[in-house]
Amino acid sequence: MNRPPGMMDVAREAGVSHITVSRVINGHPSVRPETRTRVEAAIQKLGYRRNSVARALKSRRSSTIGVVIVGSDLFELPRILLGVETAAKQTGYWVSLASRQGESTTGDLMETLQRLTDQSVEAIAVVADRPDAVEALSRLSIGVPVAVVMSGSVPNPDLGFVEVDQELGARLAARHLLDLGHRHIAHLTGALRTFDARARVDGWQAELATAGAEGVVLEGDFSAESGFRLAHDLCAADTPLPTAVFAGNDQMAMGALAAFAERGVKVPQDVSVVGFDDMKGAGYLVPALTTVRQDFTHLGSSAIELLVDMLGGEPPQRRRLAPHLVVRRSTAVPRTDS
């Protein structure tokens, strides 16, 4: 056969009508088991693959969800995409991926979204790390359901939102340190242009204010290098070293641990350290890192679940997933002479 096998070829091989083949391909329940087995054997023998483009033109359904990645500060993106793809497959959808790195204008984002809608995607998940992306979405008319992942707090009733509650995670970290007796807690933040860094500052500040505790904020950029530099700055300052440090993420906490080791500052005897994310290997740092765990795979799958609900007629929603504190050896009660 010089051309790719078609549905009629499968029908002839299996001795059935092309309608029966279509029903088997689309999982129709009316096909008898023995007929289904015969058709599936013919598909396997001929190596038939349905023409999804022609199917989309005919039915106006592509069974595809677009995913747009906006920004360069997205952490654990592979796990988010794993959750997206796994959930999409389980609900009968494929994923079409596009990205916009760095600073994107509304026009750039519109071009990316238009490219996906030209492919007849049925819905779009936008993975964004900063407010300007969502603000741009708010000004666009896209024509398909849209859910924003890691979205922050930009209001738009036409968009769905799925996020881990970053403010709650920061409150958990701060409350853990306060419960241990710490009253002077520094926060080494990530880049404050991002949703996550801003929300973590808000949660940390709110918890300290409730307890009447003191804190200092030093801005970094989520990198281990910035955590290393800021921890050195704390050690070199004229003021006493805080008894605890809440790092913007585990990478920054790792850098802070290295800086404290260079300075001869013992963790957790002299200063306690808490991270955020529970990155792979956090439990094997020295000392093992107390941190806030985010389920990134669940975050991705939740975005698909929301989009499928919207495709079924449900209104857009905001879904917040709860993070969890993981207590390890990098935190302890403060020294009595602190």
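Please read all numbers here as calculations on a predicted model, not as lab measurements.

(A) Examining the environment of Thr117 more closely. Structurally, Thr117 is set in helix H6 (residues 106-118). Classification of Thr117 as partly exposed rests on a relative accessible area of 21%. Each C-alpha atom, one on Thr117 and one on Val144, is 8.1 Å from the other, the two residues being 27 residues apart in sequence. With residues near it in sequence (within four places) discarded, Thr117 still touches Ile124, Ile142 and Val144. One polar contact links the side chain of Thr117 to the main-chain carbonyl oxygen of Gln114, over a distance of 3.0 Å.

(B) How the structure looks around the pairing of strand E1 (residues 64-70). Most of E1 sits inside the fold, with 7 of its 7 residues counted as buried. Burial of E1 is two-sided: the residues Thr64, Gly66, Val68 and Val70 facing one way and the residues Ile65, Val67 and Ile69 facing the other way are all buried. The pairing of E1 with strand E2 (residues 94-100) spans 7 bridges and is parallel. Residue Val68 lies in a different strand from E2, and its bridge partner there is Ala98. Judged from the 6 bridges that link them, E1 and strand E3 (residues 123-128) form a sheet pairing that is parallel. Residue Val67 lies in a different strand from E3, and its bridge partner there is Ala125.

(C) The packing of aromatic side chains, seen in detail. All chains considered together, the criterion is met by 1 aromatic pair. Plain terms: the ring middles of Phe246 and Phe276 are 6.4 Å apart, the flat faces sit at 45° to each other, and that makes the pair tilted. With a gap of 30 residues between them, Phe246 in strand E8 (residues 244-247) and Phe276 in the loop between strand E9 (272-274) and strand E10 (291-293) connect regions that are remote in the sequence. Like Phe246, the residue Phe276 is buried in the burial classification. Across from the ring centre of Phe276, 3.8 Å away, lies the NZ or CZ of Arg200, which sits over that ring. Directly above the ring of Phe161 sits Arg318, whose terminal nitrogen or CZ lies 4.4 Å from the centroid.

(D) Broad picture of helix H1 (residues 7-14). All buried positions along H1 are accounted for by Asp9, Val10, Ala11 and Ala14. If you follow the buried residues of H1, they end up packed against helix H2 (18-25) and helix H3 (33-46). Positive phi shows up at Gly15, right after H1, with a value of about 70°.

(E) Focus on the sheet that holds E3. Spatially, 6 strands are ordered E2-E1-E3-E4-E5-E11 in an open sheet, and the strand pairing comes out parallel. In this open sheet, the two strands that pair with only one neighbour each are E2 and strand E11 (318-321). On average, adjacent strands in this sheet sit at an angle of 20° to one another, irrespective of strand direction. Packing against the sheet, helix H12 (residues 296-311) makes contact with E1, E3, strand E4 (146-149), strand E5 (160-164) and E11, and its axis sits at approximately 160° to E5.

(F) Spotlight on the pattern of salt bridges. Using the criterion set out here, one finds 16 salt bridges in the structure. Across the pair Arg12 and Asp9 runs a salt bridge whose closest N-O atoms are separated by 2.6 Å. Note that Arg12 and Asp9 are positioned in helix H1 at a spacing of 3 residues, about one turn of the helix. For Asp9, a relative accessible area of 8% gives the class buried. Salt-bridge contacts for Arg328 lead to Asp278; the nearest nitrogen and oxygen are separated by 3.1 Å. Here Arg328, found in the segment after strand E12 (324-326), pairs with Asp278, found in the loop between E9 and E10; they are 50 residues apart in sequence, far enough to count as distant. Relative accessible area serves as the criterion here: at 11%, Asp278 is assigned to the buried category. Here the salt bridges do not stand alone but share partners, grouping Glu167, Arg171, Arg175, Asp179 and Glu207 into one network.

(G) Examining the pairing of E3 more closely. Buried residues dominate E3, accounting for 6 of its 6 residues. Judged by which residues are buried, E3 turns out to be covered on both faces: Ala123, Ala125 and Val127 on one side and Ile124, Val126 and Ala128 on the other are all buried. As paired strands, E3 and E4 are joined by 4 bridges and run parallel to one another. Within the sheet, the bridge partner assigned to Ile124 lies in E4 and is Val146. A crossover links E3 with its parallel partner E4, the connecting element being helix H7 (residues 131-138), and its sense is right-handed.

(H) Layout of the nonpolar core. Formed by 25 residues in total, the largest nonpolar core has its most connected members in Val149, Leu299 and Leu307. At the level of elements, E1, helix H5 (77-90), E3, E4, E5 and H12 are the ones that each hand at least two residues to this core.

Cut-offs and rules
Residues numbered from 1 in each chain as written. Predicted model: local features only at pLDDT ≥ 70, side-chain atom pairs only at ≥ 80, totals over all residues. Heavy atoms only, no water. Helix = DSSP H or I, 4+ residues; strand = E, 2+ residues; numbered from the N terminus. Buried < 20%, exposed > 50% of the residue type's maximum accessible area, 1.4 Å probe, protein only. Contact = heavy atoms within 4.5 Å. Polar contact = N/O pair within 3.5 Å; in protein donor to acceptor, adjacent residues only side chain to side chain. Pairing = 2+ DSSP bridges. Phe/Tyr/Trp six-rings, centres within 6.5 Å; stacked < 30°, edge-to-face > 60°. Lys NZ or Arg CZ within 6 Å of the ring centre and 35° of its normal. Axes fitted to C-alpha atoms, helices over the stretch in contact; angles between N-to-C directions. Salt bridge = Lys/Arg side-chain N within 4 Å of Asp/Glu carboxyl O. Right-handed = clockwise from strand over helix to strand, strands pointing away. Core = buried A, V, L, I, M, F, W, Y, C linked by side-chain atoms within 4.5 Å.

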